[in-house]
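A closer look at the structure
Spelled out from the first residue to the last, the chains are:
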Amino acid sequence: MKGTLRFLGRYIAKVKLPLALGVLTTLVSVGLTLYTPVLFGRAIDEMVGVGQVDFGVIATLSWQTAVMIAVNVLCQWVSGVCFNNLTFRITKDMRVDMMAKLMRLPLSYLDTHRQGETLGRITSDVETVADGLLMGFSQLVSGVATILATLVFMFVINWLIALAVVVLTPLSLFVARFIARRIHSGFARQAETRAKQTGYVNEMFTHQKTVGAYLGEARAAKEFEEINGEWEKVATKAVFYSSLTNPSTRLVNAIVYAAVAALGALSVTGTLSLAEGLTVGGMSIMLSYANQYTKPFNEISGVITELQNAFVCCDRVRELLDAAEETDEPNATRLVSPRGDIDVKDVSFAYDPHRPLIEHLDLRVKAGERVAIVGPTGCGKTTLINLLMRFYDVDKGEIDVDGKDIRTLTRPSLRYHYGMVLQETWIRHATVADNIAIGKPDATREEIEQAAKEVYADSFIRRLPQGYDTVIEDDGSLSVGQKQLLCIARVMLIKPPMLILDEATSSIDTRTEIKIQKAFGTLMQGKTSFVVAHRLQTVMDADVILVMKDGHVVETGTHDALMAQRGFYFTLFNSGLN
Amino acid sequence: MLSYFKGYRLQAFLAPLFKLSEALLELLVPLVVADIIDRGVADHDTRYILWRAALLVGIAVVGFGFAVTAQWFSAKTAVGYSAKLKSALFGTVMGLSYRQMDEVGVSRMLTRMGSDAMQVQNGINMFLRLLLRSPFVVFGALVMALIVDPGTAWLLAVVIPVLSVIVAGVIVGCLPRYRSVQQNLDEVTRLASENLSGARVVRAFAGEEEEKRKFDRQNRLLMFTQKVAGHIGALLNPLTYLVVNGGIIALLWVGGLRVDHGELTQGQTVAIYNYMATILVELVKLANLILTVTRAVASARRISEVLAVEPDQTFGTATQGVESPFAIRYEGVSLRYSEGAADAVSDVSFEVMRGETVGIVGSTGSGKTSLLSLLPRFYDPTEGKVLLDGLDVKEYDKETLRRKVHVVGQQAVVFADTVRGNLLWGNPAASDEELWQALRIAQAEDVVLAKGGLDAFLEEGGRNLSGGQRQRLSIARALVGKPSVLILDDSSSALDNATDKALREAIKEGTDCTLLIISQRSTGVKGADKILVLDDGLAVGWGTHDELLSSCAVYREIYQATGGVR
Ligand SMILES: Nc1ncnc2c1ncn2[C@@H]1O[C@H](COP(=O)(O)OP(=O)(O)OP(=O)(O)O)[C@@H](O)[C@H]1O
Ligand SMILES: Nc1ncnc2c1ncn2[C@@H]1O[C@H](COP(=O)(O)OP(=O)(O)OP(=O)(O)O)[C@@H](O)[C@H]1O
Ligand SMILES: [Mg+2]
């Protein structure tokens, strides 16, 4: 709770001005709202009877109230605007911070957490925080202000009664607190099941086509029903318990009210001697103030419980923001125009400590060399690339670029010098041109078209309805090979000093592939490059071929040397020919 | 949309009723207090005073009971409704055809399931809690004022219509803006989701700063629309206050004149003033309700648009094919994805005998995937007919068709589930033995063993698997269903040649299905009984490897390209 408030405080501190203005206008508005009826009362006092109405006074009072009302209306709106600005600014900041956080989270986090759940934190949870804050700001401030103002009025009229009421109020606050505490866990469970639901829905919607192809709608519906039923149970409880606060405090207030009425009445009759000389009039005033005074308490306690929900979600936001990041070494340096000597020294790595994968891997690549990594599926080729790019860090040993341990370099600067095409294509919802320009957002249209031409994507792009400006919707509407061509074009555009191709052409037809190989050949001239390929024919002319098996390098050498060895590579190569 | 109240009708009806009873009970309190003063205090009757005080407590307790009941019913209704709505929405989205899914987009559906459903739930909850109370109080105060003095109460009759106009104005102003808030949220969701799935690419291109900028921009847009909607909504309270208080000032004059003329007493003026004040308090509460409900309506509309989507494919009733020498037959088939676009497939005809293996080759984007997606009716041809076991695929019911034909897509799909859970999509009734059998054919047995057996957990998207492992699991999933036609859409592109070859042989031996293989490498289809060569949507070659080598220029080029690299 304290942590949550401190966390929120950091965001609120950035918007002091609207906060101050909002509080100020609320205070003014509450004061005026309480004072205006007094003037109305005075005006009505002037209407004593037939022919005794003092229209002069009523006119003055009308003017005064009119001005007050106008000011009040303005203040109310301004405070509303301020609190809106405040809330939406805070939630925007939160979302932007969360996105920045995503960029710094290690890939091991992203690889092991459900996307939908993380997504839910950024969307639904922040939204709940917004709802809570909006209500909290507007009602909490005005509630507290109303209580304070009423208190002042009461003390002015009769300090003894005021004191009595003040003494009794903690009771309703106590009840509210009692309930709030209980509700917190209810809301937490609700948020959890909601996250689970979002995770599931996200996955099912993403793979909707596959599910449909396997007639999996019924199974999906059943699985969803299970999660949804659980959510319904938990959420009903949370919503119900949170709505209990109001009636409960109202009950407490009503009991207090009854007690005050009884005690007051008995004092008037003299049965009790609590307040000497209390009259019937005095008692009814006291009762009406007691009533007026407890109302805002009621509202505040309601707000406090509703706020629990916001706090729970806020904690979920905080959890993401607090997750361990991939931080660069404190004295990490930027990698600047590397030559491209790469030294892998006795590297061991495993995703799961119980299942060793890469062990004692050594590899020395001279600048400008073209390295092919080959081997049966699942042998650790992609993993080696994960290590080179520092998507994961080595467990033992080190990898050097130009003699510098890559762990002493900043990650972005290291990655910046590698151009990479992944096994998986990733196309974003954007125009074709924007998709190509991802590594160089300020590229001109000519450069983009040039890159597309080099990978023979230009002709199909031109045939799209709006050419380079065609928006690719949600990863659809292109053939898989076409998507891969776009991914390759990205690298062509930035012309990086080092290159990593992880089966970059696996979904591209052989005729186009050959042409692209040539383009790559030109691109890689004099640059260090790593190429993973299953079609061994495409890597025969590599300077070094690294043959991997079960996380180990079993053979290295040129194609001819390896063929001559008649070892594992020889078998691999020949299995592809017939 | 009302039909989702089913099962909650009674609660939806009772909740406001109990709420109303509570409000009515509260009205008794002043009467009891008056009693205490008039009889208890006047007669110095201590017992009477205590009894009445106890009555007050009793009223409070009963009122509490009513309130709790009302809250329970409204919570139950609101959450229950929202749960049903989500179920319906989920079902609708899962049932959309490929074409419809292309159109609606995932992130847009996600916000509907999340944020929009939430808004609807809040709206219902608030509505049920305040539905009867506020209008009742306002109406009651109006009636009472009329009884006290119709001569002044007409002021209220002016104030209320003016208020209605203001409320209507704010609603009209807010509704489209709440809608655009939700639309912007769609975009925010999309960007966030893209960055989650594309984390590696973004980092590899050091595009973090650019992504943050983009996200920031989209969030600013969202913030802006939220503010605009909020600012308009924030007008409601002050304007209500303005109008009612304006009415009160008018009351001072009208009342004053009438008192001056002797048509009204001071006490009556006080009474009418009090009614006005009551109305004001209730209206302010109502204003918040109105905004919440307006938001709910904007969201409900977005949801109902999806719910209203009609299936664009009708399936037949056939559960069996007819006698025919051909397992598959395409007759002059063309496919165009959208009006105005070029044909992805144009006028393709070919036929496949039962148990045959047919290879399909062609350059990138030549229509291979599109062509075969017509068989399980992922898409329907714009022209021509596709026959499966002698019957037009449109004649089959969906179950039968999709059980007969299984497709392993170009991009392997792995769910966050155990290996078993993943495989059972292919056939929910399969035994473990059948699963292992499928895994063996798919060359994935050792993968699963290494991961720890059928109960090993796979991360979403198979992120703890290598590319080739994902592909083999996808193939195993299709095999589990024992389809009569199996389509492998370039689904061994991440396999090494040896595994690929072993896979093809195992499928041949282990199953008797008709096999359609799309491949980028001519080696992948060389051994097929027939090969179809596609170029730019047109079938330019059909025959065996040897026939095509001599007759089809495109095929020759593809074949030579495979060797040409050598
Ligand atoms: N994030 C991860 N968590 C746990 N295990 C993983 C993870 N990624 C990969 N693995 C495992 O590590 C091994 C090597 O995977 P890797 O992706 O490096 O293989 P690969 O050689 O690239 O194979 P392919 O040719 O099929 O792409 C595999 O057994 C895989 O299951
Ligand atoms: N869902 C879709 N909506 C609109 N156009 C599409 C869609 N899917 C594919 N296309 C277009 O139809 C054409 C044929 O695509 P298809 O996926 O059938 O090619 P393919 O031969 O399978 O290519 P690849 O070898 O790259 O997989 C391409 O030009 C592609 O852009
Ligand atoms: Mg395809």
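Before going further, it helps to examine the site of ligand 2. In the region of ligand 2, 20 residues are neighbours, and A:Ser479, A:Gly481, B:Thr369, B:Ser370 and B:Gln410 sit closest. More than one chain approaches ligand 2, the contributing ones being chains A and B. Burial of ligand 2 by the protein chains amounts to 85% of its free accessible area of 630 Å². Within the residue set of the shell around ligand 2, elements represented by two or more residues are α17 (480-494) of chain A together with α11 (368-372) of chain B. For the shell around ligand 2, a count of residues per class yields five nonpolar, 13 polar and two charged.

For the rest of this paragraph, the subject is the coordination of the magnesium ion (ligand 3). Residues and elements named next belong to chain B. Of the protein atoms, only Thr369 (OG1) and Gln410 (OE1) coordinate the magnesium ion (ligand 3), at distances of 1.9 to 2.3 Å. With threonine 369 in helix α11 and glutamine 410 in the loop between β6 (405-408) and β7 (417-418), the pair connects residues that are 41 residues apart, well separated along the chain. Overall, glutamine 410 belongs to the buried group, its relative accessible area being 12%.

For chain B, the assigned domains read domain 1 (2-307) and domain 2 (326-561). For domain 1 of chain B and domain 2 of chain B, the distance between their C-alpha centres works out to 55 Å.

The next point concerns the pairing of strand β11 (residues 530-535) of chain B. Residues and elements named next belong to chain B. Of the pairings in the sheet, the one linking strand β3 (residues 357-362) to β11 comprises five bridges and is parallel in character. Looking at β11, one finds that valine 358 is bridged to lysine 530. Bridging between β11 and strand β12 (residues 538-543) involves five bridges; their strand directions are antiparallel. Along β12, the bridge assignment pairs aspartate 535 with leucine 538. Taking the residues between adjacent antiparallel strands as the criterion, β11 and β12 are bridged by two residues, where aspartate 536 takes a positive phi near 55 degrees.

A word on the site of ligand 1. Around ligand 1, 23 residues are found, and the nearest of them are A:Gly378, A:Thr382, A:Thr383, B:Gly468 and B:Gln469. Residues close to ligand 1 are split across chains A and B. The backbone of B:Gly467 places a nitrogen or oxygen atom 3.4 Å from an oxygen atom of ligand 1. Starting from 640 Å² of accessible surface for ligand 1 in isolation, the protein chains cover 89%. Contributions of two or more residues to the shell around ligand 1 are made by α12 (381-388) of chain A together with α16 (467-480) of chain B. Of the residues assigned to the shell around ligand 1, the class counts are six nonpolar, 12 polar and five charged.

Another aspect to go through is the sheet that holds strand β11 (residues 544-549) of chain A. Residues and elements named next belong to chain A. Across the sheet, six strands lie side by side as β6-β9-β10-β3-β11-β12; this open sheet has mixed pairing. The strands lining the two open edges of the sheet, one partner per strand, are β6 (418-421) and β12 (552-557). In this sheet, neighbouring strand axes are inclined to one another by 15 degrees on average, regardless of whether the strands run parallel or antiparallel. By the bridge criterion, five bridges tie strand β9 (residues 498-502) to strand β10 (residues 528-532) in an arrangement that is parallel. The residue of β10 that forms the bridge with leucine 499 is serine 529. The strands touched by α12 within the sheet are β3 (370-374), β6, β9, β10 and β11, with β9 carrying the most contacts at an inclination of about 150 degrees. Where α17 meets the sheet, it contacts β6 and β9, and its direction lies at approximately 170 degrees from that of β6.

Each strand in a sheet pairs with its neighbour through backbone hydrogen bonds, running either in the same direction (parallel) or in the opposite one (antiparallel). Residue and element names in this part refer to chain A. With antiparallel pairing, the four strands of this open sheet are ordered in space as β2-β1-β4-β5. Two strands in the sheet have a free side with no partner beyond their single neighbour: β2 (358-365) and β5 (404-405). Pairing analysis gives two bridges linking strand β4 (residues 396-401) to β5, with the strands arranged antiparallel. The residue of β5 that forms the bridge with valine 401 is lysine 404. In this fold α12 packs onto β1 (342-349), β2 and β4, with an angle of close to 115 degrees to the strand it touches most, β1.

This part covers the domain arrangement of chain A. Here chain A is partitioned into domain 1 (2-321) and domain 2 (342-575). Distance between the C-alpha centres of domain 1 of chain A and domain 2 of chain A: 55 Å.

Facing 165 residues of chain A, the contacting portion of chain B comprises 173 residues. Between chain A and chain B lies a buried interface of about 15,100 Å² when both sides are counted; carbon and sulfur atoms form 64% of it. Contact with chain B buries surface across chain A, with A:Phe205, A:Tyr214 and A:Arg511 losing the most and accounting together for 6% of the total. Remark: the boundary between chain A and chain B carries 15 salt bridges. Between B:Arg203 and A:Glu326 there is a salt bridge, and its shortest N-O distance comes to 3.2 Å. For the interface between chain A and chain B, the tally reads 53 residue pairs in polar contact (both at pLDDT 80 or more).

Turning to helix α14 (residues 432-441) of chain B, a few remarks are in order. Residue and element names in this part refer to chain B. Buried within α14 are the following residues: Leu435, Trp436, Ala438, Leu439 and Ile441. Among the structural elements, α13 (419-423), α15 (445-451), α16 and α17 (497-510) are those in contact with the buried residues of α14. Two residues or fewer past α14, glutamine 443 is found with a positive phi of approximately 60 degrees.

To continue, consider the nonpolar core. In terms of nonpolar packing, the biggest core is built from 223 residues, with A:Phe205, A:Ile342, A:Ile436, A:Tyr569 and B:Phe90 touching the most fellow members. Excluding anything up to four places from it in sequence, A:Ile436 contacts A:Ile448, A:Ala452, A:Ile461, A:Tyr468, A:Leu486, A:Ala489, A:Arg490 and A:Leu493.

Turning our attention to the state of the cysteines. Tallying each qualifying case throughout the model produces zero disulfides over all chains. Left without a disulfide partner, B:Cys174 is nearest to the cysteine sulfur of A:Cys82, which lies 18 Å away. Owing to a relative accessible area of 0%, B:Cys174 belongs among the buried residues under this scheme.

This part covers the pattern of salt bridges. Residue and element names in this part refer to chain B. Tallied over the full model, the rule gives 68 salt bridges over all chains. Between arginine 302 and aspartate 186 there is a salt bridge; the shortest N-O distance is 3.1 Å. Here arginine 302 is found in helix α10 (residues 266-307), whereas its partner aspartate 186 is found in helix α6 (residues 150-197), with 116 residues between them in sequence. When sorted by exposure, arginine 302 lands in the same class as aspartate 186, which is buried. Among the salt bridges present, the one from arginine 403 reaches glutamate 399, with a minimum N-O distance of 3.5 Å. Of this pair, arginine 403 and glutamate 399 both sit in helix α12 (residues 398-404), four residues apart, which is roughly one turn of the helix.

Attention now moves to the confidence of the model for chain B. When pLDDT is averaged along chain B, the result is 87, and 99% of the positions lie at 70 or above. Scored as a complex, the prediction yields pTM 0.90 and ipTM 0.90.

A grouping of A:Leu21, A:Leu24, A:Val28, A:Trp63, A:Val67 and A:Val71 is seen on the molecular surface, where their side chains present a nonpolar patch of about 570 Å² in accessible area. Every element with two or more residues in the nonpolar patch is listed here: α2 (16-45) and α3 (55-104) of chain A.

Criteria and thresholds
What you see as residue numbers is a count from 1 along each chain, following the sequence as written. Chain A is the first chain written and ligand 1 is the first ligand written, with later ones labelled in order. Only residues with pLDDT of at least 70 are given local features in this predicted model, and only at 80 or more are side-chain atom pairs given and counted; all residues enter the totals for whole chains, interfaces and linings. To get the side-chain values, all heavy atoms of the structure are used, and hydrogens and water are removed first. Proximity is defined per residue: any heavy atom of the residue falling within 4 Å of a molecule or strand makes that residue near it. Here, Shrake-Rupley sampling with a 1.4 Å probe gives the accessible areas, and only protein chains in the shown set may cover a residue. The helix count covers DSSP runs of H or I at least four residues long, the strand count covers runs of E at least two residues long, and both are numbered beginning at the N terminus. Residues were grouped as follows: Ala, Val, Leu, Ile, Met, Phe, Trp, Tyr, Cys and Pro as nonpolar; Asp, Glu, Lys and Arg as charged; and all remaining residues, including Gly, as polar. Nitrogen, oxygen and sulfur within 2.8 Å of a metal are treated as its donors, or within 3.2 Å for sodium, potassium and calcium (Na, K, Ca); water is not counted, so a site can appear incomplete. Residue exposure (1.4 Å probe, protein chains only): buried if accessible area is under 20% of the type maximum, exposed if over 50%, otherwise partly exposed. In this document the domain limits rely on a domain assignment from an automatic tool or a database. Whether two strands pair comes down to DSSP finding at least two bridges between them. Within 3.5 Å is the distance limit for a polar contact, defined as a pair of N or O atoms, with the added protein rule that one can donate a hydrogen and the other accept it, and that residues adjacent in sequence qualify only through two side-chain atoms. Each axis is a line fitted through C-alpha atoms, and for a helix only the stretch in contact is used; angles between axes span 0 to 180 degrees, taken between their N-to-C directions. Here, residues are in contact when the closest pair of their heavy atoms is within 4.5 Å. Simply put, the buried area is the total loss of 1.4 Å probe accessible area from both parts when two parts are fitted together. By definition here, a salt bridge exists when the distance from a side-chain nitrogen of Lys or Arg to a carboxyl oxygen of Asp or Glu is within 4 Å. Take the buried residues of types Ala, Val, Leu, Ile, Met, Phe, Trp, Tyr and Cys, join any two whose side-chain atoms come within 4.5 Å, and each joined set is a nonpolar core. Two cysteine sulfur atoms form a disulfide, by the criterion used here, when they sit within 2.5 Å. The predictor attaches a confidence to each residue, called pLDDT, with possible values from 0 through 100. Without a salt bridge and with relative accessible area above 30%, a residue can belong to a patch; like charges are then joined within 9 Å and nonpolar side chains (Val, Leu, Ile, Met, Phe, Trp, Tyr) within 5 Å.

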